[in-house]
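Observations on the three-dimensional arrangement
Okay, here's what each chain looks like letter by letter:
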Amino acid sequence: MLSIVDLTVRYPTQTAPALESVCLRVEGGERVAVVGPSGGGKTTLFRAVNGSVTVQSGYVALEGEQVGRARGAQLRALRRRIAVIAQMHDLVDRLTVYQNVMAGALGRWSSLHALRFLVSPSKAELGEARSALERVGIPEKLRSRTSDLSGGQRQRVAIARALVQRPSVLLADEPVASLDPVRSEQILALLCGLARERGLALLCSLHQPDLAVRYFDRVVGLRHGRVVFDRPVAQVAPEQLVFAS
Amino acid sequence: MHALTLAWHTFLAFFPPDLSPSYLRYVWLPVLQTIGMASAGMLVALCLGIPLAAYVGTRAPGWQSVVGVLSALRAIPDLTLAILAVVIVGLGPAAGITALAVFYTAMVGKVFAELFLAAPQAPLESLRSTGAPRLAVAIFGLIPLTLADLLTFGSYAFECAMRASVIVGAVGAGGIGTELVGAVSGLDYPRATTLIVILALLVTFVDTLGWFMRKNPRLALVLFPAGLATMLLNPPQVFVLRHALVTFAAMFPPLLDARALAALPVLLWQTLEIAVGGTILALLLAIPLALCAARNVVHAVVVAAVRRVLDISRAVPEIVWGLIFVVTAGIGPLAGALALGIHSAGVLGKLFAEAFENVAAAPVRALEATGAKRLAIVAFGIVPLAIGPLAVHTMFRLEWNVRAATVVGMIGAGGIGEALYNAQQHMHYQSMTAYVVATWLLVVLADVAGERVRRRLGWNNETT
């Protein structure tokens with residue numbers, strides 16, 4: 001499904017590469033946790049997968065199509081299949097919840113369709129937003145103002161938006177970094193459940209090694225831009241995970 | 001259709017501009033007059049405004065009423081003051097200097113007073129405890145404590161005065177403004193175009209000068225020779241004190257006959273229509289223009305081109321747009337609304353573009369990550385994220401446009417301004433004063449209403 005081959009990314013302002021010769025393969029339905037210290041390259045890896053950073057060598061391919069080579073409409077078409085969930089600061093506060101949720105559909109809508117939706121959403125569109133919100137557990141928030149939501153609810157709206165996008169890959173960049181332990185577990189359970197039921201390749205960066213072991217199939221350690229280990233949860237020794245926290 | 005053809009032909013008559021050497025030699029004098037009027041007005045304003053501000057700043061007896069008088073004076077539009085000045089000191093630069101002096105004394109006095117009142121009190125207290133008199137407290141305490149702010153605001157005020165100096169000319173107070181009105185009413189459109197180009201250049205020059213002045217406030221010292229020279233060269237024409245007093249006396253009490261009084265609400269309503277219509281037009285123009293002037297929306301080449309267009313529409317004052325539209329679109333409120341609309345579109349366009357560029361990056365990146373098209377990102381992200389600042393800027397502009405609408409009326413765009421100008425032309429001085437009072441009330445009410453709305457919506461901490 002998603003293959004990352006010999007990927008090297010270097011930022012112009014830094015001497016050390018942000019990612020160096022990273023190789024990774026994630027299949028549909030597989031749930032992979034990426035752990036490692038801050039600045040280890042997790043965010044850069046996600047940005048490279050999403051095609052929003054210039055790659056020096058190697059490539060990212062989604063079902064055989066290279067993300068780094070794509071431009072314009074082709075890049076947009078690829079991005080549509082890769083949903084990104086960031087830390088909850090990426091919703092548009094002035095819009096309603098259903099508008100934020102349906103923003104996930106912008107990749108397949110024409111510009112005119114997008115404008116028409118803002119003015120008068122159709123019944124079918126509202127229905128799609130409602131069922132996405134039902135899946136993440138907050139259907140009652142359909143028409144709320146996004147700025148009135150709590151942190152955990154915002155995270156759920158971001159996940160609902162990703163669902164509406166109908167992706168084949170789900171990238172979650174530290175989705176639980178600013179949530180309390182109970183909410184963190186709820187969100188991870190939700191993400192992993194979705195990955196299994198829809199056959200998505202889930203790539204999720206985390207700071208908490210215990211959560212990585214409990215919820216995911218595989219754990220990848222990133223440090224100084226390199227993959228330092230990559231193995232199924234059953235084979236991960238606890239001491240390997242200590243540095244991640 | 002016929003009206004449109006006519007407007008188009010009139011528009012074409014403005015080209016090409018008259019660039020003959022003899023005319024260019026001739027316009028030098030009005031240009032110098034305009035610069036001189038601003039310098040002289042500002043010089044007087046500083047000489048009167050600083051002592052007044054210091055009086056308030058040292059909290060001398062009755063300082064609150066001084067603040068009240070200064071705020072009240074400030075609410076009279078500059079062109080209205082210019083009309084009064086023309087009546088009292090006669091046509092020509094002397095009237096312009098007088099109007100600018102009064103307007104900017106109020107502005108400098110009020111703002112400097114606020115700066116003085118906000119100065120740290122401890123050093124002033126220790127000065128006072130030595131038994132120093134008020135003057136000494138002001139000279140050794142207030143002014144040194146606030147010097148940086150004083151210089152910054154002073155150079156900004158000079159910049160505004162230069163712009164206003166062009167505008168006050170429109171009612172016969174001398175300089176390039178008077179020439180422009182003369183050219184338009186004499187149907188000499190090619191010369192009007194020349195003057196408008198010169199004016200745009202002058203405003204751009206003043207913008208640059210203002211920027212340098214804020215960096216190096218000592219440049220403001222050129223005010224003294226320039227201002228003094230202008231005052232000496234342009235003594236008031238009819239400034240026999242007795243005449244001035246008689247004219248002044250003839251203006252009181254303010255009085256309107258029954259018919260004029262009945263028409264007054266209509267005039268005020270018309271002025272409000274000009275203000276609201278102009279603001280709505282500006283809003284409709286400014287949003288698409290600003291999107292095309294925001295670096296995070298369109299390509300840098302488009303941004304540069306659209307910003308030039310915005311600069312031009314902003315550089316030409318409302319009153320000059322008014323002159324052009326009165327000729328092309330006909331006399332009446334429509335010309336006024338168009339004039340305010342085009343000028344405000346330039347102002348709002350620039351502010352909106354900055355607001356669009358300053359939206360939070362994360363939500364926009366998230367939308368890009370869904371594979372959304374540019375227009376969809378604008379509609380779902382950039383515009384909703386910038387709605388707050390957009391509303392604040394528009395409110396401020398509406399408030400400003402109420403003031404501006406009273407002014408464009410004077411060149412034939414209807415409303416209270418036109419009535420005021422006609423009263424002056426026919427020497428109905430008592431009704432003229434009544435219109436001045438009505439204008440003043442309207443502007444004060446608009447300011448107070450705007451302040452209320454902003455406070456209710458909690459926008460006061462955002463400035464434009």
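Residues numbered from 1 in each chain as written. Chains lettered and ligands numbered in written order. Predicted model: local features only at pLDDT ≥ 70, side-chain atom pairs only at ≥ 80, totals over all residues. Heavy atoms only, no water.

**Regarding the sheet that holds strand E1 (residues 2-9) of chain A**
Residue and element names in this part refer to chain A. We apply this condition: A pair of strands counts as paired when DSSP detects no fewer than two bridges linking them. Numbering of helices and strands runs from the N terminus; a helix is a DSSP stretch of H or I covering at least four residues, while a strand is a stretch of E covering at least two. The contact criterion used is simple: two residues touch if any of their non-hydrogen atoms lie within 4.5 Å. Interaxial angles span 0 to 180 degrees and are taken between N-to-C directions of axes, which are lines fitted to C-alpha atoms, for helices over the stretch in contact.
The strand order E2-E1-E4-E5 describes an open sheet built from four strands, whose pairing is antiparallel. The sheet is open, and its two borders are formed by strand E2 (19-26) and strand E5 (65-66), each paired with just one other strand. When strand E4 (residues 57-62) meets E5, the two strands line up antiparallel, connected through two bridges. Bridging across to E5, Leu 62 finds its partner in Glu 65. Most of the contacts of helix H1 (residues 42-49) go to E1, to which it runs at about 120°, and overall it touches E1, E2 and E4.

**Observations regarding the interface of chain B and chain A**
As a reminder, the rule being used: Throughout, buried area stands for the accessible area (probe radius 1.4 Å) lost by two parts on being put together, summed over both. Pairs of N or O atoms within 3.5 Å make up the polar contacts considered here, provided that, within protein, one atom can donate a hydrogen while the other can accept it, and that residues adjacent in sequence are counted only when both atoms are side-chain atoms.
The interface of chain B with chain A comprises 19 residues on the first partner and 26 residues on the second. Here chain B packs against chain A, burying approximately 1900 Å² in sum over the two surfaces, 69% of which is carbon and sulfur. Considering only the side of chain B, the residues that lose the most area to chain A are B:Thr370, B:Lys373 and B:Phe380, jointly responsible for 36% of the buried surface there. Joining chain B to chain A, the criterion identifies two residue pairs in polar contact (both at pLDDT 80 or more).

**Some words on the pattern of salt bridges**
A pair can form between side chains of opposite charge whenever their charged atoms are brought close. Worth spelling out the cut-off: Take a side-chain nitrogen of Lys or Arg and a carboxyl oxygen of Asp or Glu: if they are within 4 Å of each other, that pair is a salt bridge. Exposed residues in this analysis have more than 50% of their type's maximum accessible area, buried residues have under 20%, and partly exposed residues fall in between, with area computed by a 1.4 Å probe over protein chains only.
Following the criterion strictly, the structure yields 29 salt bridges over all chains and no others. With a closest N to O distance of 2.9 Å, A:Arg25 and A:Glu27 form a salt bridge. Here A:Arg25 falls in the partly exposed class, since its relative accessible area comes to 46%. One salt bridge in this structure joins B:Asp311 and B:Arg308, with 2.6 Å as the shortest N-O distance. A residue pair is termed a helical-turn pair when its members lie 3 or 4 positions apart in one helix, as B:Asp311 and B:Arg308 do in helix H13 (residues 300-315) at three residues. Looking at B:Asp311, the relative accessible area reads 24%, which means it is partly exposed. For B:Arg308, a relative accessible area of 54% translates into the label exposed. The network of salt bridges with shared partners includes A:Glu30, A:Arg218 and A:Asp230.

**Quick look at the nonpolar core**
Across soluble globular proteins, you tend to see nonpolar side chains buried next to one another. Heads up, the rule is: What we call a nonpolar core is a set of buried Ala, Val, Leu, Ile, Met, Phe, Trp, Tyr and Cys residues that are connected through their side-chain atoms within 4.5 Å. Residue ranges assigned to the domains are those given by an automatic or database domain assignment.
Residues B:Met42, B:Leu79, B:Tyr104, B:Leu180, B:Ile319, B:Met432 and B:Tyr435 are the most contacted members of the largest nonpolar core, which totals 104 residues. When residues in this core are grouped by element, the largest group, 14 residues, is from helix H7 (residues 134-168) of chain B. Formed jointly, this core draws a minimum of three residues from each of two domains, domain 1 (14-246) and domain 2 (258-457) of chain B. When neighbours within four sequence positions are excluded, B:Tyr104 is seen to be in contact with B:Met42, B:Ala45, B:Gly109, B:Ala157, B:Cys160, B:Ala161 and B:Ala164. Counting 82 residues, the second-largest nonpolar core is a separate cluster that includes A:Phe117, A:Leu190, B:Ala294 and B:Val364.

**Brief notes about the packing of helix H6 (residues 121-129) of chain B against H7(B)**
Residue and element names in this part refer to chain B. The cut-off we apply is this: Roughly parallel means an angle under 35 degrees; roughly antiparallel, over 145; roughly perpendicular, 65 to 115; everything else is oblique. Residue polarity follows a fixed list, in which Ala, Val, Leu, Ile, Met, Phe, Trp, Tyr, Cys and Pro are nonpolar, Asp, Glu, Lys and Arg are charged, and the others, Gly among them, are polar.
Here H6 crosses H7 at 170°, and the two axes come no closer than 10 Å. With respect to each other, H6 and H7 are oriented roughly antiparallel. Contact with H6, carried on its side by Pro 123, Leu 124, Leu 127 and Arg 128, involves Val 137, Phe 140, Gly 141, Leu 142 and Leu 145 of H7 and no other residues of that element. Across the contact of H6 with H7, the residue classes tally to seven nonpolar, one polar and one charged.

**Quick notes on the environment of B:Arg242**
All names here are of chain B. Counting through the fold element by element, Arg 242 comes out in helix H11 (residues 241-250). On the basis of relative accessibility, which here comes to 68%, the residue Arg 242 falls in the exposed class. Measuring from C-alpha to C-alpha, the distance between Arg 242 and Val 316 comes to 39 Å, with 74 residues separating the pair along the chain.

**Concerning the side chain of B:Arg397**
Residues and elements named next belong to chain B. Structurally, Arg 397 is set in helix H17 (residues 374-408). For Arg 397, a relative accessible area of 11% corresponds to the buried category. Residues within four places of Arg 397 in sequence aside, it is in contact with Glu 318, His 343, Ser 344, Val 347 and Leu 348.

**A closer look at the environment of B:Gly414**
Residue and element names in this part refer to chain B. As for its position among the elements, Gly 414 is in the loop between H17 and helix H18 (415-425). Residues Gly 414 and His 2, 412 residues apart in the sequence, show an inter-C-alpha distance of 23 Å. With sequence-adjacent residues up to four places away left out, Gly 414 is seen in contact with Gln 270, Ile 274, Gly 332 and Gly 409.

**Digging into helix H4 (residues 78-89) of chain B**
Residue and element names in this part refer to chain B. Counted only if it meets this: The length a helix should cover is 1.5 Å for every residue beyond the first.
Compared with an ideal rise of 1.5 Å per residue, which puts twelve residues at 16 Å, H4 spans 16 Å between its outermost C-alpha atoms and is within 8% of the ideal. Counting buried positions over the twelve residues of H4 gives twelve, a clear majority of the element. Turning to H4, its buried residues number three or more, namely Asp 78, Leu 79, Thr 80, Leu 81, Ala 82, Ile 83, Leu 84, Ala 85, Val 86, Val 87, Ile 88 and Val 89. Just beyond H4, the residue with positive phi is Gly 90, at close to 90°.

**Points about the pairing of strand E9 (residues 218-223) of chain A**
Residue and element names in this part refer to chain A. Of all six residues making up E9, five are buried, and the element is well covered by its neighbours. The sheet contact formed by strand E3 (residues 31-35) and E9 spans four bridges and is parallel. Across the sheet, Val 32 pairs through a bridge with Arg 218, a residue of E9. With six bridges joining them, E9 and strand E10 (residues 226-232) adopt antiparallel strand pairing. Pairing of Gly 221 across the sheet is with Phe 229, part of E10. Connecting the antiparallel pair E9 and E10 is a turn made up of two residues, with His 224 showing a positive phi of about 50°.

**Description of the sheet that holds E3(A)**
Residue and element names in this part refer to chain A. Taken together, the six strands give an open sheet; going across it, the order is E6-E7-E8-E3-E9-E10, and neighbouring strands pair in mixed fashion. Strands with a single pairing partner mark the edges of an open sheet, and in this sheet they are strand E6 (82-85) and E10. Put simply, the sheet's adjacent strands are angled 15° from each other on average, direction ignored. By the bridge criterion, five bridges tie strand E7 (residues 169-173) to strand E8 (residues 201-206) in an arrangement that is parallel. From the neighbouring strand, Val 169 faces E8, where its bridge partner is Ala 201. Packed onto the sheet, helix H7 (residues 181-198) meets E3, E6, E7 and E8 and runs at close to 160° relative to E8.

**What to know about the packing of aromatic side chains**
Threshold: Two rings belonging to Phe, Tyr or Trp (six-membered ring only in the last case) form a pair when the distance between their centres is within 6.5 Å. Interplanar angles under 30 degrees mark stacking, angles over 60 mark edge-to-face geometry, and anything in between is tilted. Look at NZ for Lys and CZ for Arg. If either is within 6 Å of the ring centre and within 35 degrees of the ring normal, a charge sits over the ring.
A complete count under the given rule lists nine aromatic pairs over all chains for this structure. Centroid distance B:Phe14 to B:Tyr189: 4.7 Å. Interplanar angle 20°. Geometry classified as stacked. Taken together, the residues span a long stretch of sequence, with B:Phe14 in the loop between helix H1 (2-12) and helix H2 (21-57) and B:Tyr189 in helix H9 (residues 189-215) at a distance of 175 residues. For the pair B:Phe14 and B:Tyr189, one class covers both residues: buried. Ring-pair connections join several aromatic residues into one group, and the members of that group are A:Tyr98, A:Trp109, A:Phe117 and B:Phe380. The lysine or arginine in question, B:Arg59, covers the ring of B:Trp63, its NZ or CZ lying 5.6 Å from the ring centre.

**Quick notes on helix H14 (residues 318-328) of chain B**
Residue and element names in this part refer to chain B. Burial analysis of H14 places eleven of its eleven residues in the buried class, which makes it a mostly covered element. Listed as buried for H14 are Glu 318, Ile 319, Val 320, Trp 321, Gly 322, Leu 323, Ile 324, Phe 325, Val 326, Val 327 and Thr 328. Looking one or two residues past H14, Gly 330 carries a phi angle of roughly 95°, positive in sign.

**Some thoughts on the layout of surface pockets**
This is how it is decided: Buried and open spaces are told apart on a 1 Å grid over the protein atoms alone, a cavity being a set of points where a 1.4 Å probe fits but cannot get out and a pocket being an open set with protein on both sides within 12 Å along at least five of seven lines. Residues with an atom within 4 Å of a point are the lining residues. Grid points are joined across faces, edges and corners, and a volume is the space filled by probe spheres set on the points.
When its volume is computed, the second largest pocket comes out at roughly 500 Å³. As for the second largest pocket, its lining consists of 20 residues, and the residues nearest its centre are A:Arg47, A:Val84, A:Ala86, A:Asp173 and B:Arg365. Secondary-structure elements contributing two or more residues to the lining of the second largest pocket are H1 and E7 of chain A together with helix H16 (361-369) of chain B. Residue contributions to the lining of the second largest pocket peak at five residues, all from H16(B). Across the lining of the second largest pocket, the residue classes break down as eight nonpolar, five polar and seven charged.

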